[in-house]
Amino acid sequence: MRGAYWSRQTRRVTIVPFRFILALAICSTCFGEIARKNLIDNFIFTKMQRDGIPHAPLANDTEFLRRVTLDLTGRLPTPEQVRSFLKDTDPNKRDKIIDSLIPALPTEGVSRRREQPFLDRWTYFFSDLFRNNAQNEQGIPTFRNYIYKVLEVGIPYDDFARDMITSNAISNWTTGPASFISRNRVMEGDGYKMNHEDTCDEIAVWSTKIFLGVNLECVSCHDGAGHLEKINLWLSKKKRADFWRQASFFGKTSIGPVFGRQQEFIVRDLGAGYSPRADYDSGYSLKTQSSLRVPRYKADVTPAFILNGEKVNPGESERQGFARLLTSNPQFARAAVNMFWAEFMGRGIVDPPFGFDMDRQDPSHPPPAPWTIQPTHPELLNALAEDFAKHNYDLRYLFKLITKSNAYQLSWEFGQKWDEKYDDYYARHIVRRLGPEQFWDAVQQSTGVFQEFNINYTALKGKYIMQAHYLDFGETGRLPDLLVCFGQTDREDNASSDRSSLLQAAHLLNNSLVLSQIKAQKGSRLERLLTKPDKEVVEDLFLATISRPPTAEEERMSLDLLSKANKREEGAEDLLWALLNRVDFIFNR
Amino acid sequence: MRLRSDLPILNRRKFFQLGALSVTGGWLAPLEQPLRAATSEKVSPRGSAECVIFVNMVGGPSQMDTFDLKELKTTPANLDVRTTKQGLKWPYKLLPETAGILDDLVIVRSMGAWEATHNLAQYWQQVGHGFSAARAKEMPSIGSVIAYELRNKAKSSDFLPPFVSMNFPAGGQNGFLLNEGFLDSAAAPLAMDLRNGLDVPFVLPDEYQSRYDRRMEFLKAFDTGRKVDTDWAPKRFLEWESFTRGAHKMLKSPEIGKIFQLTGEERERYGSNAFGDACLIARNMVRAQAGARYILLNQGGWDHHGFIYGRGQGEEAVPGKPRRGPGGVYGLSAQFDQGFANLIRDLKETKSRDGNSTLLEKTFVLANGEFGRTPGPLNGIQGRDHWAAVRCGAFAGGGVKHAGRVIGATDEQGAKITRFDWHKNRPIYPEDVTATIYSVLGIDWTKSLSGTPSGRDFLYVEPMSGTNFIGSTEVRELFI
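Residues numbered from 1 in each chain as written. Chains lettered and ligands numbered in written order. Predicted model: local features only at pLDDT ≥ 70, side-chain atom pairs only at ≥ 80, totals over all residues. Heavy atoms only, no water.

1. Some details on the environment of B:Gly408
All names here are of chain B. Of note, Gly408 is situated in the loop between β13 (405–407) and β14 (409–410). It is 6.0 Å that separates the C-alpha atoms of Gly408 and Val108, two residues lying 300 residues apart in sequence. When sequence neighbours within four positions are dropped, the list of residues in contact with Gly408 reads Arg109, Ser110, Arg419, Phe420 and Asp421. (Helix = DSSP H or I, 4+ residues; strand = E, 2+ residues; numbered from the N terminus. Contact = heavy atoms within 4.5 Å.)

Here it is in structure tokens:
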């Protein structure tokens, strides 16, 4: 029935020609055959069934295992993990492996830095998102440890957001969450002067973008009218003054240097009492000069939340008001689930995730033609958001919900002619290139050759890039250059990219660092394997790199390669080189 | 956070079968919404060059101390200022070898810039447009437009990508500067950084060749993922496969060693530094005549806010040793001088494949920075700051006529342009330089393409700048 699925399960079956698989696949990529495991499946498969869209079959065990291990932990499954997963006959083994990849909440005290790839991977994700880079200097590990802790003990996502937005600190070097605010400071001139209003603007832009998925950059400089009519309907009606009222929530927040020219900051709300660096008005002033934007003009800048106009309540500070309004708005949960959906599924229900058009979200109030509803699955988005909120904004819950769904577990192999209109249905799994850090960690892991490095400003050492801050490798040098070539972000204005390039392909073929990883050397996987018989070498290398056993044909070719080599060691290196150059190594499918 | 779908990946376009692959591995196939081209006025691009080398003097060199020499109160006494035989006042201490090739250069002193901040001004340099946050992700760099336009001129013997950049960081905050934007991945730059040494993955040591061949032979049969039915193959796989083919073609080219393997003697002649190495590689790429059309050579360090004249007088040149000066404009000029002058000389001495001309005649070379520096007294840290009103440049080859002359002049301080010396009678802006580059390659700079993700037409060169209609056009005075 599912020819492609079964033919890859056992190693002894000969390869089924693709034409045959095609014929079977046409039968098997059917409508509604796949079990609906949770609310995600209900929406995804119902819509496909309704619109007569064929979909791929479920991914087989090895495809699924590699994908979910990379997505949840940033690492490849080990050969042992692949073998034991394949042998497992439990019908719930997929759910079980997902549960095992996500660490439970600690119960006996809270220990630091146990080897928890899940925590490393998502700490790295948030460090990229909140741009934890050299601008935080010695605050880098502090911020990183804070994020790690939040994930380790399972702080709800809304608490996480509120904690950072409202955090105060006498130094962001010692108080992690304050770096979320101080990172957005705008300095001007040759001296060390903060431009207060520009800083408020930046905090507002980044908070709104990250937590609401709404990008206010455009309207921070000009009204939407006359600019955005073809880009974003909701934003086209917004005025600069609306943006200033959003930025004004941070008007009383002062960020000041602790010492002269050092990147260490106090974060405080001005008010009676302690505020050693109160150089400016305690509010958002339109009269000040901007060093980044077009001059401001007279307007009412009483803080008003841009989504609904709501104001600060008596008894709360303005930042507390912002944090409350932000996290209680339904858009907070919607933007969050959409962002993580994009991470796992390859594209957001609203895509790109920071491009929400708030006038195009509600199918019962559709926008005027030619505008369409923006989310591909508006009801799913709302249901996911409600479910996330109902479960106390628990990230572990959300990740499990997504990865346990069969929608996530569809194969990338569609097996019949793909039509572009299927793009919006999630009819197959979208292949994604390994991110720059994932790529290098995968090379290290599969070759068994690791570089140990210092995690700057700490006494700790790391083996995986995901355990580090990206600058722990230096700003320049062969490895940093390689990572940048593969799209690493500098955590300034450009996000990490997974675009491909000719130079990347050349690096995989012939980069000196990659080649030196492959060599059979002391401590490497190859060194250990070469004491074993050929068949074991072949199987282990396959499992270590592309996370599945070889097919019969692949095994034949590989054994042939090993036996024909001048030296056995060279043959094994050649096989490892070829495995690292396969598309199913560099891509997560 | 990987915002992969933020980027203008061509996910709405239909990729057809892999037909004629361009050497960079992309397949500039017809796009589903074809890029409708339109032109606005009647111009005749001159098509006098096959390749362009753009020496990007990043940071903004001081016009008063380089191509537009002024002897001010602040000018050091040891610049050895003399009048060249072409009649230019020239700092022989800083740029002696360039003085020796002035007969091949047209020095332009009436250039201006729109921006005085690096990122925005460099954006003009490399993309030829003003930065717009709304459009940055889809705007192609100048080199990518060239790659797109000249794709039909690619020969089967070509093994170099059309757009090459050296020594400018490709990622991070400079990501928008070196980008094919909404154009096909075949227009993407090959961005190499040699500042950590010549560790490029394109060279196969002789003793490794046969092993590499065996490995590739094996991979071709082994990697079934690359041969998935194109009816439903993910575009990412097709793209990766074509990039691999392009990389392989480069690696296997018998000429590739000649491009990236530099001899000790020539490295020393070019200055023994990353800029000199990049100039050498550019020369070799042009000599190979293997598909490179736009080579962007980036020399960073001209941003002399402090100690522009160094911190003291440095060592004199020692024969046989790379010259070192006290830093500031001395160091940068020495680096520029050796690389640039030798590049021009070598191009002039090499004949093109058909023997009818020199490589210099077929290559348009230009050198300039993104803005000039403040005239008059030095600032508080003995340096000069940004000055958008005046910048200067050197142009050679590719149709440039009556070299050994100057276009334009500035006042005695170097603060204001007093003579424009071209038909537009205004400063030569980045748009004009861009139009000139397109023109020498035979590209109609008034062309525009539709079908961008934002819906806004992409004009190769905007006739307006902000709210001023400036009528951007090629600087034809270079060629008459």
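Next, the rest of the story.
2. Points about the interface of chain B and chain A
Listed as interface residues are 64 residues of chain B and, on the opposing side, 80 residues of chain A. For the pair chain B and chain A, the summed buried area comes to about 6300 Å², and 59% of that belongs to carbon and sulfur atoms. Put simply, chain B and chain A have six salt bridges between them. As a salt-bridge pair, A:Asp574 and B:Arg214 come within 3.8 Å of each other at their nearest N and O atoms. Linking chain B with chain A are 14 residue pairs in polar contact (both at pLDDT 80 or more). (Buried area = accessible area lost by both parts, 1.4 Å probe. Salt bridge = Lys/Arg side-chain N within 4 Å of Asp/Glu carboxyl O. Polar contact = N/O pair within 3.5 Å; in protein donor to acceptor, adjacent residues only side chain to side chain.)

3. What about the pattern of salt bridges?
As a working rule, side chains carrying opposite charge can pair if their charged atoms are close by. Taken as a whole and judged by the stated rule, the model has 75 salt bridges over all chains. One salt bridge in this structure joins A:Lys37 and A:Asp95, with 2.8 Å as the shortest N-O distance. Of this pair, A:Lys37 sits in the loop between α2 (18–28) and α3 (39–51) while A:Asp95 sits in helix α6 (residues 93–101), and the two are 58 residues apart along the sequence. The shortest N-O distance in the salt bridge between A:Asp242 and A:Arg245 comes to 2.9 Å. One end of the pair is A:Asp242 and the other is A:Arg245, both in helix α13 (residues 240–247) and three residues apart, which spans about a single turn. In this structure A:Asp242 comes out as buried when scored by relative accessible area, which is 18%. Salt bridges sharing common partners tie together A:Lys519, A:Glu573, A:Asp574, B:Arg211, B:Arg214 and B:Arg215. (Buried < 20%, exposed > 50% of the residue type's maximum accessible area, 1.4 Å probe, protein only.)

4. Observations regarding the nonpolar core
One finds A:Phe126, A:Phe130, A:Tyr157, A:Phe211, B:Phe202, B:Phe260 and B:Leu297 to be the most contacted residues of the largest nonpolar core, which totals 236 residues. The greatest single-element share of this core, amounting to ten residues, is contributed by helix α15 (residues 330–345) of chain A. Among residues more than four places away in sequence, those in contact with A:Phe130 are A:Phe143, A:Ile147, A:Phe160, A:Met164, A:Phe180, A:Arg183, A:Ile210 and A:Phe211. (Core = buried A, V, L, I, M, F, W, Y, C linked by side-chain atoms within 4.5 Å.)

5. Some words on the confidence of the model for chain B
All names here are of chain B. The share of residues in chain B with pLDDT of 70 or more is 88%, and the mean pLDDT across the chain is 87. Low pLDDT, under 50, characterises residues 313–317; the stretch is placed with eight contacts to residues that sit more than four places away or in other chains. Among the scores for the predicted complex, ipTM is 0.88 and pTM is 0.87. (pLDDT = per-residue confidence, 0-100.)

6. Some points on helix α8 (residues 139–152) of chain A
Residue and element names in this part refer to chain A. Taking 1.5 Å per residue as the helical rise, α8 with its 14 residues ought to reach 20 Å, and the 20 Å between its terminal C-alpha atoms agrees with that figure. Taking burial as the measure, the 14 residues of α8 include twelve buried ones, the bulk of the element. Residues Gly139, Ile140, Pro141, Thr142, Phe143, Arg144, Tyr146, Ile147, Tyr148, Val150, Leu151 and Glu152 constitute the buried set of α8. On its buried side, α8 packs onto α7 (117–129), α9 (157–165), α10 (178–182) and α17 (395–404). Within two residues after α8, Gly154 carries a phi angle of roughly 75 degrees, on the positive side. (Expected span 1.5 Å × (residues − 1).)

7. Some thoughts on the pairing of strand β6 (residues 163–166) of chain B
Along a regular strand, successive side chains alternate from one face of the sheet to the other. Residue and element names in this part refer to chain B. Residues Phe163 and Ser165 point to one face of β6 and Val164 and Met166 to the other, with burial holding for every one of them. Inspection of the sheet shows β6 paired to strand β7 (residues 190–192) by three bridges, in the parallel sense. In the strand pairing of β7, Met166 is matched with Met192. (Pairing = 2+ DSSP bridges.)

8. Considerations on the pairing of strand β5 (residues 106–111) of chain B
Residues and elements named next belong to chain B. The buried fraction of β5 amounts to six of the six residues, a majority that puts the element mostly inside the structure. Sheet topology note: the β5/β13 ladder contains three bridges and is parallel. The residue of β13 that forms the bridge with Val108 is Ile407. In terms of strand pairing, β5 meets strand β12 (residues 391–396) through four bridges, oriented antiparallel. From the neighbouring strand, Val108 faces β12, where its bridge partner is Gly393.

9. Quick notes on the environment of A:Glu197
All names here are of chain A. With respect to the helices and strands, Glu197 occurs in helix α11 (residues 196–212). Looking at Glu197, the relative accessible area reads 3%, which means it is buried. A sequence separation of 53 residues divides Glu197 from Phe250, and the C-alpha atoms of the two residues are 8.8 Å apart. Beyond its immediate chain neighbours, meaning those up to four positions away, Glu197 contacts Gly283, Tyr284, Ser285, Thr288 and Arg296. Here Ser285 takes part through its backbone nitrogen, which lies 2.7 Å from a polar atom of the side chain of Glu197.

10. Let's talk about the confidence of the model for chain A
Residues and elements named next belong to chain A. For chain A, per-residue confidence averages 88 on the pLDDT scale, and 89% of positions sit at 70 or higher. Per-residue pLDDT stays below 50 along residues 1–14; that stretch engages in 30 contacts with residues further than four places along the chain or on separate chains. When the criterion is pLDDT under 50, residues 20–28 qualifies, and its contacts beyond four places in sequence or with other chains add up to 14 contacts.

11. Some details on helix α3 (residues 142–149) of chain B
All names here are of chain B. Of all eight residues that make up α3, eight are buried, and the element is covered over most of its length. Listed as buried for α3 are Ile142, Gly143, Ser144, Val145, Ile146, Ala147, Tyr148 and Glu149. The inward-facing, buried residues of α3 abut α2 (118–127), β6, β8 (294–299), α11 (430–440), β16 (447–449) and β17 (458–459).

12. Some thoughts on unusual backbone geometry
Omega for the bond connecting A:Asp351 with A:Pro352 falls within 30 degrees of zero, at -5 degrees, which places this linkage in the cis form. Structurally, A:Pro352 is set in the loop between α15 and α16 (378–390). Following A:Ala369, the chain continues into A:Pro370 via a peptide bond in cis, with omega recorded as 5 degrees. As for its position among the elements, A:Pro370 is in the loop between α15 and α16. In this structure, B:Phe307 is a non-glycine residue whose phi angle is positive, near 50 degrees. For B:Phe307, the location among the structural elements is in the loop between β8 and α9 (328–349). Positive phi, normally seen in glycine, also occurs at B:Asn425, with a value near 55 degrees. Here B:Asn425 shows up in the loop between β15 (417–419) and α11.

13. Considering the sheet that holds β13(B)
All names here are of chain B. As summarised here, the arrangement of the eight strands in space is β7-β6-β8-β2-β9-β12-β5-β13, forming an open sheet in which the pairing is mixed. Edge positions in the sheet fall to β7 and β13, since each has one partner strand and no second. Each adjacent strand pair in this sheet contributes to an overall mean axis angle of 15 degrees, direction not counted. Each of β2 (51–57), β8, β9 (363–369) and β12 is contacted by α2, which is oriented at about 170 degrees to β2, the strand it contacts most. Here α11 sits on the sheet in contact with β2, β5, β8, β9 and β12, set at roughly 165 degrees to β9. (Axes fitted to C-alpha atoms, helices over the stretch in contact; angles between N-to-C directions.)

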